[in-house]
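One letter stands for each residue in the lines below.
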2 protein chains.
Amino acid sequence: MSILLRGAAVLTVNGDFEVLTGADVVVDGQNISYVGPGKEWHREFDRIIDCSNKMIVPGFVNAHGHAAMTLLRSYADDVPLMFWLEKRIWPVEARLKREDVYWGTMLAILEMLKSGTTTFTDMYFFMDQVAEAAEECGIRAVLSRGLVGVDHMADRGLEESEQFVRNWQGRSQGRITTMLGPHAPYTCPPAYLKRVMELQAKLSVPVQIHLSETLDEVHHIKSEYGVSPPELLKDTGLFALPVLAAHCVHLSDDDMDILREYNVRVAHNPGSNLKLGSGIAPVPDLLARGITVGLGTDGAASNNNLDMLEEVRLAALIHKGSRMDPTVVTAGQALAMATRESAKAIFLPDVGTIAEGMKADLVLYDLNRPHLVPQHDLAAHLVYAAQPGDISLVMVDGRVLVENGQAVTLDEEKILFQAQQRALHLVSGGKE
Amino acid sequence: MSILLRGAAVLTVNGDFEVLTGADVVVDGQNISYVGPGKEWHREFDRIIDCSNKMIVPGFVNAHGHAAMTLLRSYADDVPLMFWLEKRIWPVEARLKREDVYWGTMLAILEMLKSGTTTFTDMYFFMDQVAEAAEECGIRAVLSRGLVGVDHMADRGLEESEQFVRNWQGRSQGRITTMLGPHAPYTCPPAYLKRVMELQAKLSVPVQIHLSETLDEVHHIKSEYGVSPPELLKDTGLFALPVLAAHCVHLSDDDMDILREYNVRVAHNPGSNLKLGSGIAPVPDLLARGITVGLGTDGAASNNNLDMLEEVRLAALIHKGSRMDPTVVTAGQALAMATRESAKAIFLPDVGTIAEGMKADLVLYDLNRPHLVPQHDLAAHLVYAAQPGDISLVMVDGRVLVENGQAVTLDEEKILFQAQQRALHLVSGGKE
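Brief notes about the overall build of chain A
Then, number 1: Helix and strand counts for chain A come out as 14 helices and 17 strands.
Then, number 2: Against the 2.2 N^0.38 benchmark of 22 Å for 432 residues, chain A shows a C-alpha radius of gyration of 21 Å, consistent with a compact globule.
Then, number 3: In chain A, which comprises 432 residues, the proportion classed as buried is 66%.
Then, number 4: Residue pairs in contact within chain A that sit at least 24 positions apart in sequence constitute 72% of those at least 6 positions apart.
Then, number 5: For chain A, the distance from the average site of its 38 positive side-chain charges to the average site of its 56 negative ones is 2 Å.

Focus: the nonpolar core
Then, number 1: Membership of the largest hydrophobic core comes to 248 residues, with the highest contact counts inside it found for A:Phe120, A:Leu259, A:Leu382, B:Phe120, B:Leu259 and B:Leu382.
Then, number 2: Those residues in contact with A:Leu259 that sit more than four places away from it in its chain are A:Leu211, A:Phe239, A:Cys248, A:Leu251, A:Val264, A:Val266, A:Leu286 and A:Ile291.

Digging into helix H3 (residues 127-137) of chain B
Residues and elements named next belong to chain B.
Then, number 1: Every buried residue belonging to H3 is among Met127, Gln129, Val130, Ala131, Ala133, Ala134 and Cys137, and all of these are buried.
Then, number 2: In this fold, the buried residues of H3 make contact with helix H2 (98-114), strand E7 (117-124), strand E8 (140-147), helix H4 (154-168), strand E9 (176-182) and strand E16 (399-403).
Then, number 3: A positive backbone phi angle near 95 degrees is found at Gly138, which sits one or two residues after H3.

A closer look at helix H1 (residues 81-93) of chain A
Residues and elements named next belong to chain A.
Then, number 1: In this model, H1 (13 residues) spans only 16 Å end to end at C-alpha, well below the 18 Å of a helix rising 1.5 Å per residue.
Then, number 2: Listed in full, the buried residues belonging to H1 are Trp84, Leu85, Ile89, Val92 and Glu93.
Then, number 3: On the buried face of H1, the contacting elements are strand E7 (117-124) and helix H14 (412-427).

Quick notes on the interface of chain B and chain A
Then, number 1: Each side of the interface is counted separately: chain B has 66 residues, and chain A has 66 residues.
Then, number 2: Contact with chain A buries area across many residues of chain B, yet B:Asp78, B:Pro370 and B:His376 alone supply 14% of it, more than any other trio.
Then, number 3: Where chain B touches chain A, the interface holds four salt bridges.
Then, number 4: We note a salt bridge from A:Asp78 to B:Lys320, for which the minimum N-O separation is 3.3 Å.
Then, number 5: Between the two partners, chain B and chain A, sit 25 residue pairs in polar contact (both at pLDDT 80 or more).
Then, number 6: Within the residue set of the side of chain B that touches chain A, elements represented by two or more residues are H2, helix H9 (270-275), helix H11 (308-323), helix H13 (378-384) and helix H14 (412-427) of chain B.

Points about the layout of surface pockets
All names here are of chain B.
Then, number 1: For the second largest pocket, the calculated volume is near 1400 Å³.
Then, number 2: At the level of elements, helix H1 (81-93), E7, H3, E8, H4 and helix H6 (215-225) are the ones that each hand at least two residues to the lining of the second largest pocket.
Then, number 3: The element contributing the most residues to the lining of the second largest pocket is H1, with eight residues.

As for the pattern of salt bridges
Then, number 1: For the structure shown, the criterion picks out 50 salt bridges over all chains.
Then, number 2: The closest approach of N and O atoms between A:Lys344 and A:Glu341, which form a salt bridge, is 3.3 Å. With A:Lys344 and A:Glu341 both in helix H12 (residues 331-345) and three residues apart, this pair spans about one turn of that helix.
Then, number 3: Ionic pairing is found between B:Arg73 and B:Glu111, a salt bridge with its closest N-O pair at 2.9 Å. Taken together, the residues span a long stretch of sequence, with B:Arg73 in the loop between strand E6 (60-62) and H1 and B:Glu111 in helix H2 at a distance of 38 residues. Pair check on accessibility: B:Arg73 and B:Glu111 agree, each one buried.

Notes on the pairing of E8(B)
Residue and element names in this part refer to chain B.
Then, number 1: Counting buried positions along E8 yields eight of eight residues, so the element is predominantly enclosed.
Then, number 2: Pairing between E7 and E8: six bridges, direction parallel. The residue bridging Asp122 from the neighbouring strand is Leu143, located in E8.
Then, number 3: Traced from E7 through H3 to E8, the parallel crossover comes out right-handed.
Then, number 4: Summarising the sheet, E8 and E9 pair through seven bridges and their orientation is parallel. Across the sheet, Leu147 pairs through a bridge with Pro182, a residue of E9.

Digging into the side chain of B:Asp122
Residues and elements named next belong to chain B.
Then, number 1: Along the polypeptide, Asp122 turns up in strand E7.
Then, number 2: Here Asp122 occupies a buried position and makes no salt bridge, while the nearest side chain of opposite charge, Arg145, is found at 11 Å.
Then, number 3: Asp122 has contacts with Gly65, His66, Ala67, Met127, Val130, Val142, Leu143, Ser144 and Gln208, leaving out every residue within four places of it along the chain.

Considerations on the side chain of A:Asp78
Then, number 1: Structurally, A:Asp78 is set in the loop between strand E6 (60-62) and H1.
Then, number 2: Classification of A:Asp78 as buried rests on a relative accessible area of 15%.
Then, number 3: Within the structure, A:Asp78 has its side chain in polar contact with the side chain of B:Lys320 (distance 3.3 Å).
Then, number 4: Within polar-contact distance, the side chain of A:Asp78 engages the backbone nitrogen of B:Ala331 at 2.8 Å.
Then, number 5: If we ignore the near neighbours within four places in the chain, the residues touching A:Asp78 are A:Lys275, B:Lys320, B:Pro326, B:Thr327, B:Thr330, B:Ala331 and B:Tyr384.

Observations regarding empty space enclosed by the protein
Then, number 1: Enumeration according to the criterion identifies four cavities of 30 Å³ or more in this entry.
Then, number 2: Taken together, the elements giving at least two residues each to the lining of the largest cavity come down to helix H11 (308-323) of chain A together with H11 of chain B.
Then, number 3: Class assignment for the residues of the lining of the largest cavity results in eleven nonpolar, three polar and six charged.

What about the packing of aromatic side chains?
Then, number 1: Using the criterion set out here, one finds 14 aromatic pairs over all chains in the structure.
Then, number 2: Arranged with centres 4.5 Å apart and planes meeting at 15 degrees, the rings of A:Tyr124 and A:Phe125 form a pair that is stacked.
Then, number 3: Taking the relative accessible area as the measure of exposure, A:Tyr124 reaches 6% and is therefore buried.
Then, number 4: Their ring planes at 35 degrees and their centres at 6.5 Å tell us that B:Phe164 and B:Trp168 sit as a pair that is tilted. Residue B:Phe164 and its partner B:Trp168 are located together in helix H4, separated by four residues, close to a single helical turn.
Then, number 5: A relative accessible area of 4% places B:Trp168 in the buried class.
Then, number 6: Each member of the aromatic cluster is reached from another via a ring pair, and the members are A:Tyr34, A:Trp41 and A:Phe45.
Then, number 7: The ring of A:Tyr75 has A:Arg88 lying over it, and the distance from NZ or CZ to the ring centre is 4.4 Å.
Then, number 8: Looking at B:Lys275, its charged tip hangs above the ring of A:Tyr384, at a distance of 4.5 Å from the centre.

Side note on the relation of the copies chain B and chain A
Then, number 1: Here chain B sits on chain A after a turn of 180 degrees about the axis and a move of 0.0 Å along it, with an RMSD of 0.0 Å. What the superposition gives is, in effect, a two-fold axis relating one chain to the other. The rotation axis passes nearest to the C-alpha of B:Gly389 in chain B, at a distance of 2.6 Å.
Then, number 2: When you check the interface residues of chain B against chain A, 100% turn up at the interface there too, and the contact is symmetric in its surfaces.

Structural notes on unusual backbone geometry
Then, number 1: That bond from A:Val373 to A:Pro374 is cis: its omega, -10 degrees, falls within 30 degrees of zero.
Then, number 2: You can see A:Pro374 is positioned in the loop between strand E14 (362-366) and helix H13 (378-384).
Then, number 3: Phi angles above zero are rare outside glycine, and B:His247 is one such case at about 85 degrees.
Then, number 4: Looking at where B:His247 falls in the secondary structure, it is placed in strand E11 (residues 243-247).
Then, number 5: In this structure, B:Asp397 is a non-glycine residue whose phi angle is positive, near 55 degrees.
Then, number 6: The class of B:Asp397 is buried, set by a relative accessible area of 10%.

Rules behind the numbers
Residues numbered from 1 in each chain as written. Chains lettered and ligands numbered in written order. Predicted model: local features only at pLDDT ≥ 70, side-chain atom pairs only at ≥ 80, totals over all residues. Heavy atoms only, no water. Helix = DSSP H or I, 4+ residues; strand = E, 2+ residues; numbered from the N terminus. Rg over C-alpha atoms; globule rule 2.2 N^0.38 Å. Buried < 20%, exposed > 50% of the residue type's maximum accessible area, 1.4 Å probe, protein only. Contact = heavy atoms within 4.5 Å. Lys, Arg positive; Asp, Glu negative; His and termini not counted. Charge placed at Lys NZ, Arg CZ, Asp CG, Glu CD. Core = buried A, V, L, I, M, F, W, Y, C linked by side-chain atoms within 4.5 Å. Expected span 1.5 Å × (residues − 1). Buried area = accessible area lost by both parts, 1.4 Å probe. Salt bridge = Lys/Arg side-chain N within 4 Å of Asp/Glu carboxyl O. Polar contact = N/O pair within 3.5 Å; in protein donor to acceptor, adjacent residues only side chain to side chain. 1 Å grid on protein atoms, 1.4 Å probe; cavity = no way out; pocket = protein on both sides within 12 Å on 5 of 7 lines; lining within 4 Å. Points joined across faces, edges and corners; volume = space filled by probe spheres on them. Pairing = 2+ DSSP bridges. Right-handed = clockwise from strand over helix to strand, strands pointing away. Nonpolar A, V, L, I, M, F, W, Y, C, P; charged D, E, K, R; others polar. Phe/Tyr/Trp six-rings, centres within 6.5 Å; stacked < 30°, edge-to-face > 60°. Lys NZ or Arg CZ within 6 Å of the ring centre and 35° of its normal. Least-squares fit on C-alpha atoms with pLDDT ≥ 70 in both.

Okay, here's the thing in structure tokens:
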């Protein structure tokens, strides 16, 4: 399939601030084959899309989340973290069946596609169902089975992880890739992390882990091991592998130096960190060190949506406010975090920018909106003013998945119905 | 005109968390005449609107802004505050003509109506044009001419203010009310504020002022007068009048006690305060004192939109994050701030809740959206997950102004064209 996107404004995210106008973008198969000035084309296209008064932006790459937790959206809010986990989230998660995870993930993918996310990262369980949902919908996905080393599932988790990676790595023409997902330092003691590292040596996929999300976690690890969570992972040897660390809210200067030294990628989740009262990550300091920082939504239970535009805006706003400095985390940096840097963070080298040879994962925004007029600066518009409702088309891997507000590959009515029914059943105690 | 809204979920905002389901709302003329269980009606209605799977929420009340600054949306971002003001904003504002303010305000009203705002507050100049725009569009407005006491416009501002209040107070069946708008303690010295107070004694309208927006302002007032900005206004006598104070980012405990003692209302502007690096207002402490705190967007030049849903979300999120406490500013409190409390803050006693006898200013949200499924908690959904694109109908003063995404009373294409042309002309130096 060949598609010409004609006469667009393009935020390439090649270099933070590059904005093309009146540009053409050509997609051949899965890839972008041309980005540049509009011109007369002496070749055939399967489809030509008029992009006048529209803006092309790389699809958002959601670098951290738990998709099926959409079923617990707005189920428990404004309560202390341990109450939230122990009294509300974990009891319901213990009742989840594989079909629940499938439909919760379908709901998440539907929401993400419609809000301009073309790649998502997941760490959960019943991962075959997550992968099936991603395969069916056409979205790009980087998936890992969550591993906890301190309960009866410790061994089974490793077995299922190996199985999952062997089954799914590179499937759907490379649209689905996998990682290993040890949950966190406080749920995966060093001895268990060593077993994860042995498995990684066999499978050669990257690792993702939650890290230094709360002050409690930092205090707990320090009192248990005498070192900070990043020091513990360094000492264990995990950081010798390719690692994505989610959250990283509470880091010392030494911790940040460790992340830089070992090229650990960070997934910043501003919405979830704010909502759970975890704190505000030191993103300007991470960026100043040249550390790769991507953006994620975390699960919908602690957000309560999967809208990356909101995360982009929060990432550009909260550090300015908390540091009383309007120059930190510019619009261009925030946009790069949500696209190019997120892709780097989850080890996808050919995703996240609009450039020749890159995967054709892109989103078209309609600029003919009151909140996007006048047009002094399109990058600032996207970061500070755009809405998911401005999206007119979403493409993943060269394939149009959303057009005119409709998800092309999905039965929206069925997904909403299934998700609603299953969620109510779950929170009512799972009784038939 | 009588309208029956049948079978809705209703967030009444009578009491923070009241949610009715399967409820009917009746509008007769400008007012709500019934809110309660759905029932058989033995009377005629001019119109019946089916609200199944829809949610009725009081229209947002934007408690602080400068509407026509939409023309400078995304014109200057991520730069230090004084550079922003002196090098970018003020030079362009000096070139504004009355037609620019008219079209900039029309653009703002269009954006606000489509994102569920039914009342806006304004402090700017060429206020006749602002009032005309509000009158034409059907939105509710509380308007004040901005007053600066330290330049050649000091006297003329007072004269224009008196004229404006006498012309417009209570116009359009009460839809338009007025205030006096001394800009800030640092631009209105006590002697000038005394003249504002004399004018207020003649006109009996409330006063709005920017207060303690930045640390620089606090330091400046302290070095000039030896007291904090709230102490200065108290000493000047201004706080004996009904006063709305915008921003209030940097307050001591004593300052907050003063605001409580004098029943000063506060307009919290989280988006603008973050974006300009002003800081994070002590909202939980204000709420704990029982001070009335409303929500505002400030101008689009420092936001960069007029979407109150974003302010609601920021108000509910940033205090949790900066205080590391997920229980502060609950979803219900944030929603109340944007509606009932904002209305109180701008002295509109019959606006801001869905209740019998109140003005029929309401918004209908379509719940049939992936990001609003499942429906465990509709207040949390509105605050943490809803999007402007979910709005299916907006009513002000009993009149439908937005339906199916279209502004009924406005020529959208003309507004976007005029605003775009005038903005480009302005920033190009105003040359013909």
